[in-house]
Amino acid sequence: MENTNTQTNEHAKAHNTMRNVLIALVLVGFTTISFLAYKNPQLLTASLTGGADSSSVTKDIYISADYKAEAGDSGYIEIKAGKDMEDLSDLKVTLSAPTSQLTISSVHTDNCSPNCLLGSATFTTDFTSSPGDYEIDFNFAKIATVNDNDPLFRLLVATDSSLNSGNTIPITLKTAAGDSTITDKTSTRTPTFEDGLITIGTTTATDLCKNITVPTYSTCDPVTGKWTCNKGYDTAYNCTACSIGYSGYPTCTLSLLADIKGMVLTLDDETLQSFDATELDKAWTSAYIMLNSTQSAGALLTVESNPITVPTCTDVFALTEKALVECMVSDPNGDGTLTDGLAALIESVPGVNINTYPNVPGLLKLTSTTGNADDSLEGILSSSGEVLVLPGMDYTLTLTPTASYKTRIVGKNGANTDVTVVELKYDDVTWVPQPTDRLDATALKGGLLEKGAKTGKTPLYTALSLTDGSTLDSINRLTIDVPSAPTIEYLRRIGTNPVQKGGRINLSVKIYDEETISDIKDIRVSLVSTLQTTYTTIKNDASAVWFTAIPHFTEVSEADGGTQTTTSTTDTSTTSSNSTTTSTTSTPTIYNYKIYSIPVDIPQDENLINGNYKLVLEVSDTKNNVAPGLMDLAIGASASGDVDGNGSVSMLDVIKAFQIANGISATQTELQAADLNNDGNVTMLDVIILFKQIN
């Protein structure tokens, strides 16, 4: 009888365990579905809180409703007829939108609701002739009847990822003569337009910002709970003061940046001082001179050993600061003689050509007559801070694997009363590299240039959003060349068994190169005790403690290899004082890759205590390029069950372990925490063990 009761109890326990596991699986399924639903919101969904989607609209064309979107979203918006039109035979529309906030990539004439009236019409577009203007020119014979509220066509638009919640983006009709026309039975006329708005919304996920104190003039990410100051507010003062270039707290509106007409992108003096003579010659093949104000008059310039004094304007008709500086450059006496201005004096120097910019008073560009590197303009000197001299950087800058380069952005105001030089911060502007994967995006946002993942050349320039909604691009562009060298695409550990001092682990590393990867000459592995999280910051961490691990070079085996194809973008530009033309082409690039298995011995060092470390892998080639890889590694740790790393073990960890067991990717730390039976894999057995632990 006692045995029977024991068996019954065991069956009951097994039944309860199975029931609880099934409940856990249902919760996992629900959580997964909810997660996917959150991660895939409907983009640019029309809201019913605004717009003019009714028969009372008397405009010719209009956006059918206001739209709501998340920053960085893309989707369709519809353009409708705003009134009845008879025998419509032509339609040309030029829409305008701020390019710093919105990109219109294409026009569509199908799949409207219920259907686009111009579904069979051919059309041409021009999205590049003028920043912010999107020209659509339809070509059709005749449409007999166009009723009020008929959908005409759709636009595919994308919002900028840096926008804040509550920002609104207007889309308007450009009404200059000839830009937008409608031809119908009665006449050819310029249409009117009901402005459309896209409003940046907020996420509907669990709002972590509710648990922290968020500054008034900031935006908090509800997913991460991290806040950032709104544009114009200073992070150093918790958004309670204006950033440089902004004034009038608490409004913090643009001040110095309001009237900028031109920008020059270059490198700072400290970076230039690190250049060797050959690089300096290339950097100074061209140069920019900026006059800060009328106080620049009388300053001494030395151009290729030729002394030049900046003229004083004596033209009595030049009354404004802008006019005074313009006459200093071109005609100081106001008598029509253009040989005594600063531009003519500089151009008289042998070997120097000069360009002026009509819309940017006091800005001059100097170039050598041949453009050869040995015709450097490095000999340009200024005796006054009122005259700024900058290298033009009109050459290809090759990024070495060990150096970073700090950029400098200088703006030039052009209002009648303000022609000063303005030093811009890196976050005042938008950085435009093409393509981005050749430069380190995080470093770029900090005003530094560092190597990215891919090789090749990248033209880089900056864009500034002006108060009128337009965008100003830098006058010049830097061309960045990332040379071919081994690059680590990923670094992983094979297995999840606990790592002990004196033990061995196996690494799997995928290395690729545009040319070849057969020239690898050395592999170095280190364990580092540090709070830093990137290769560059770890290398610069003076408090980091390094331990040398031993890779067995002779035992390295090749697990896989071959080629992979990606698409690279080549951007070529021609810039003059009056215009800029851009040509962009896409060509496939083939990369060779190999996947290696690398055995590594963990050092037996008394100072290597159990804990969390960064494993740093450095692969070098015969050209002394170093490709770094980085991963987390715990020494002496067994499976904790704390899979999500929040410091406690709960049902959330069971769900996370279940997801990993079913193939969802995970970090090395998550894998090790979930491998409860220490067999080197995460399976449903580990899920059941973990579930029993918390019950």
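Residues numbered from 1 in each chain as written. Predicted model: local features only at pLDDT ≥ 70, side-chain atom pairs only at ≥ 80, totals over all residues. Heavy atoms only, no water.

(A) Examining the overall build of the chain more closely. From N to C terminus, the chain includes 10 helices and 44 strands. For the chain, buried positions account for 43% of its 695 residues. Summing over all exposed atoms, the chain offers an accessible surface of approximately 34100 Å²; the carbon and sulfur share of this is 50%. (Helix = DSSP H or I, 4+ residues; strand = E, 2+ residues; numbered from the N terminus. Buried < 20%, exposed > 50% of the residue type's maximum accessible area, 1.4 Å probe, protein only. Areas by Shrake-Rupley, 256 points an atom, 1.4 Å probe, with all protein chains shown as cover.)

(B) Fine view of the packing of aromatic side chains. Across all of its chains, the model carries seven aromatic pairs by this definition. Residues Y233 and Y249 carry aromatic rings whose centres are separated by 6.2 Å and whose planes lie at 80° to one another, so their mutual orientation is edge-to-face. Here the residue Y233 occupies a position in the loop between β18 (227-229) and β19 (246-247), and Y249 occupies one in the loop between β19 and β20 (253-254), the gap between them amounting to 16 residues. For the ring pair F547 and Y613, a centre distance of 6.1 Å and an interplane angle of 85° mean the geometry is edge-to-face. Placement of F547 in strand β40 (residues 545-551) and of Y613 in strand β43 (residues 611-621) is noted, with a sequence separation of 66 residues between them. On the basis of relative accessibility, which here comes to 7%, the residue F547 falls in the buried class. Here Y613 falls in the buried class, since its relative accessible area comes to 6%. By way of ring pairs, the aromatic residues F123, F138 and F153 are connected into one cluster. For R492, the ring lying beneath its charged end belongs to Y490, and the centroid distance is 3.7 Å. Positioned over the ring face of Y593 is K510, at 4.6 Å from the centre of the ring. (Phe/Tyr/Trp six-rings, centres within 6.5 Å; stacked < 30°, edge-to-face > 60°. Lys NZ or Arg CZ within 6 Å of the ring centre and 35° of its normal.)

(C) Layout of the side chain of T471. Within the element layout of this structure, T471 appears in strand β35 (residues 471-473). Here T99 takes part through its side chain, which lies 2.7 Å from a polar atom of the side chain of T471. Leave out the neighbours within four places in its chain, and T471 touches T99, S100, A463 and L464. (Polar contact = N/O pair within 3.5 Å; in protein donor to acceptor, adjacent residues only side chain to side chain. Contact = heavy atoms within 4.5 Å.)

(D) Expanded view of helix α8 (residues 651-661). For α8, the set of buried residues is D653, V654, I655, A657, F658, Q659 and I660. Phi for G663, located one or two positions after α8, is positive at around 100°.

(E) View of the sheet that holds strand β4 (residues 74-81). Here five strands make up an open sheet; going across it, the order is β7-β11-β4-β2-β15 and the pairing mixed. Looking along the sheet, the strands with just one partner apiece sit at the ends: β7 (102-108) and β15 (193-194). Taken together, the two bridges between strand β2 (residues 61-63) and β15 define a ladder with parallel strand orientation. Bridge assignment links I61 to a residue of β15, and that residue is F193. (Pairing = 2+ DSSP bridges.)

(F) Quick peek at the sheet that holds strand β28 (residues 387-391). Spatially, four strands are ordered β25-β26-β22-β28 in an open sheet, and the strand pairing comes out antiparallel. A single partner strand is all that each edge strand has here, and the edge strands are β25 (352-356) and β28. Averaged over all pairs of adjacent strands, the angle between strand axes in this sheet comes to 25°, irrespective of strand direction. Where strand β22 (residues 286-291) meets strand β26 (residues 363-368), five bridges bridge the pair, whose relative direction is antiparallel. Paired with M290 across the strands is L363, a residue of β26. (Axes fitted to C-alpha atoms, helices over the stretch in contact; angles between N-to-C directions.)

(G) Spatial organisation of the side chain of D418. By secondary structure assignment, the location of D418 is in the loop between β30 (405-413) and β31 (421-424). K412 provides the closest opposite charge to the buried, unpaired D418, separated from it by 7.5 Å. Within the local environment of D418, its side chain forms a polar contact with the side chain of T420, the two groups lying 2.7 Å apart. Apart from the residues within four sequence positions on either side, D418 is in contact with E321 and N413. (Lys, Arg positive; Asp, Glu negative; His and termini not counted. Salt bridge = Lys/Arg side-chain N within 4 Å of Asp/Glu carboxyl O.)

(H) Layout of the state of the cysteines. A complete count under the given rule lists two disulfides for this structure. Residue C229 pairs covalently with C239 via a disulfide, S to S 2.0 Å. Looking along the S-S bond of the C229-C239 disulfide, the torsion reads about -95°, which is the left-handed sense. Taken together, the residues span a long stretch of sequence, with C229 in strand β18 and C239 in the loop between β18 and β19 at a distance of 10 residues. Per residue, the accessibility class of C229 equals that of C239, and both read buried. Linked covalently through their sulfurs, C313 and C327 form a disulfide whose S-S length is 1.7 Å. Of this pair, C313 sits in the loop between β24 (306-309) and α4 (321-329) while C327 sits in helix α4, placing them 14 residues apart in sequence. According to the relative accessible area criterion, C313 is buried, its value standing at 14%. (Disulfide = S-S within 2.5 Å.)

(I) Quick look at the nonpolar core. Membership of the largest hydrophobic core comes to 56 residues, with the highest contact counts inside it found for I289, L366 and L449. The contact partners of L449, leaving out residues within four places of it in the chain, are L267, L397, L399, A403, S404, Y405, T407, L444, L460, L478 and I480. In terms of nonpolar packing, the next biggest core, distinct from the first, is built from 36 residues, I104, L118, V146 and I200 among them. (Core = buried A, V, L, I, M, F, W, Y, C linked by side-chain atoms within 4.5 Å.)

(J) Looking closely at the environment of S106. Checked against the element boundaries, S106 lands in strand β7. Along the backbone, S106 and F127 are 21 residues apart, and their C-alpha atoms lie at a distance of 8.7 Å. Each residue touching S106, except ones within four places of it in the same chain, is listed here: F127, R154, L155 and L156. Among the polar contacts made by the side chain of S106, one reaches the side chain of H108 at a distance of 3.0 Å.

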